[in-house]
Amino acid sequence: MANRFFEGAVHAASYAKFRPQPPASLIDRVLTFLKEKYQGPFTAAIDVGCGSGQSTHILSPHFTSVTGLDISQAQITEATKLGTGTNVFFKVSGAEKLPFSECSLQLVTAGQACHWFDLPKFYEEVDRILVPGGVLALYGYAFPQPIYGDLTEKLYDIINYVYSKELGPYWGTKITMVDDEYGTVQTPFPTKLRCMKKTRVATGEVVVKMLMLLIAIKSSAYLTQVIQG
Ligand SMILES: C[S@@+](CC[C@H](N)C(=O)[O-])C[C@H]1O[C@@H](n2cnc3c(N)ncnc32)[C@H](O)[C@@H]1O
């Protein structure tokens, strides 16, 4: 129960209203990485822990079919309300058993979600369903730094106070993986690229800076790179 904070209908409706869409530059970076490793057609991608679907739709121009998966029926209901498009589908599914056949996908993403998964089981499934050279992209938001004119610093202090002091005891242990900017996340896949890029994303009237990205490929050689910018 402690890890299943997101499943109710009210929570899911708030997600649909307030969660930002990941920036196009993030998807571009992932696709560039995928194109370096895999030369076939991009037929299918999935977004695991898709919530209300913002992180799923951004993939749709690039793949024949894209499926968002979430353990919460309420989140999938909201995601479907936002529109399924002609090649976007949503399904209820846990990350630990994915309803796809062997070597059937080029890309698996998880946006601000992998810290909730049983990672060893998730990785086994990812390894099973990705084509050779397919890519797993795990990304999330670093602690948001709001930008709002003269009030920026004050706003940051308030948010920081609420996040660390008021809500600190309620976050649960898994949130430390996010606080560590996914720096402690290990994957069993040999090739990795870790990016920490500050990007501005608007959510309501406030702009937040994000974002961390870890991408790993199902294949050989090892590469670690940190991009600042
Ligand atoms: C913080 S939200 C991120 C939602 C979306 N990817 C986004 O970026 O807006 C995490 C999501 O992961 C889902 N989730 C948590 N544990 C899961 C699991 N084991 N399998 C699949 N989804 C899970 C939750 O229901 C929730 O919708």
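Residues numbered from 1 in each chain as written. Predicted model: local features only at pLDDT ≥ 70, side-chain atom pairs only at ≥ 80, totals over all residues.

- An unreviewed UniProt entry lists the protein under the name Methyltransferase-like 2, from Homarus americanus.
- Its UniProt record gives the protein the following Sequence similarities (unreviewed entry) comment, quoted word for word: "Belongs to the methyltransferase superfamily." (UniProt positions renumbered as here; feature names shortened; annotations may be inferred.)

## Concerning the site of the ligand
Argument step 1. Lining the immediate environment of the ligand, one finds 20 residues, of which Gly-49, Gly-51, Ala-95, Gly-111 and Trp-116 sit closest.
Argument step 2. For the shell around the ligand, the class distribution of residues is eight nonpolar, nine polar and three charged. (Near = placed C-beta within 6 Å. Nonpolar A, V, L, I, M, F, W, Y, C, P; charged D, E, K, R; others polar.)

## Focus: helix α6 (residues 152-166)
Argument step 1. A rise of 1.5 Å per residue sets the reference length of α6, with its 15 residues, at 21 Å; its end C-alpha atoms lie 20 Å apart and thus fit the reference within 8%.
Argument step 2. Among the 15 residues of α6, zero are classified as buried, and the element is accordingly described as predominantly exposed. (Helix = DSSP H or I, 4+ residues; strand = E, 2+ residues; numbered from the N terminus. Expected span 1.5 Å × (residues − 1). Buried ≥ 20, exposed ≤ 12 C-beta atoms within 10 Å, placed from the backbone.)

## Let's talk about the nonpolar core
Argument step 1. Core analysis: the largest hydrophobic core is formed by 41 residues, its most contacted members being Ala-45, Val-48, Leu-105 and Val-108.
Argument step 2. When contributions to this core are tallied by element, the ones reaching two or more residues are α2 (24-37), β1 (44-48), β2 (65-70), α4 (73-81), β3 (88-92), β4 (105-111), α5 (119-129) and β5 (130-140).
Argument step 3. Looking at which element gives the most residues to this core, the answer is β5, with six residues.
Argument step 4. Filtering out sequence-adjacent residues up to four positions away, Val-48 remains in contact with Leu-69, Ala-95, Val-108, Ala-110 and Ala-113. (Core = buried A, V, L, I, M, F, W, Y, C linked by C-beta atoms within 7 Å. Contact = placed C-beta atoms within 7 Å.)

## Here's the deal with the environment of Lys-97
Argument step 1. Relative to the helices and strands, Lys-97 is located in the loop between β3 and β4.
Argument step 2. With 24 residues separating them in the primary sequence, Lys-97 and Lys-121 have C-alpha atoms 7.7 Å apart.

## What about unusual backbone geometry?
Note: most peptide bonds trans; most residues except glycine with negative phi.
Argument step 1. A positive phi angle, near 50 degrees, is found at Cys-103, a position not held by glycine.
Argument step 2. The exposure class of Cys-103 is partly exposed, given the 13 C-beta atoms found within 10 Å.
Argument step 3. Unusually for a residue other than glycine, Glu-181 sits at a positive phi of about 55 degrees.
Argument step 4. Overall, the presence of 18 C-beta atoms within 10 Å leaves Glu-181 in the partly exposed class.

## Observations concerning the environment of Val-185
Argument step 1. For Val-185, the position within the fold is in the loop between α7 (175-179) and β6 (191-203).
Argument step 2. Given 19 C-beta atoms within a 10 Å radius, Val-185 is considered partly exposed.
Argument step 3. For the pair Val-185 and Leu-138, spaced 47 residues apart in sequence, the C-alpha to C-alpha distance is 9.3 Å.

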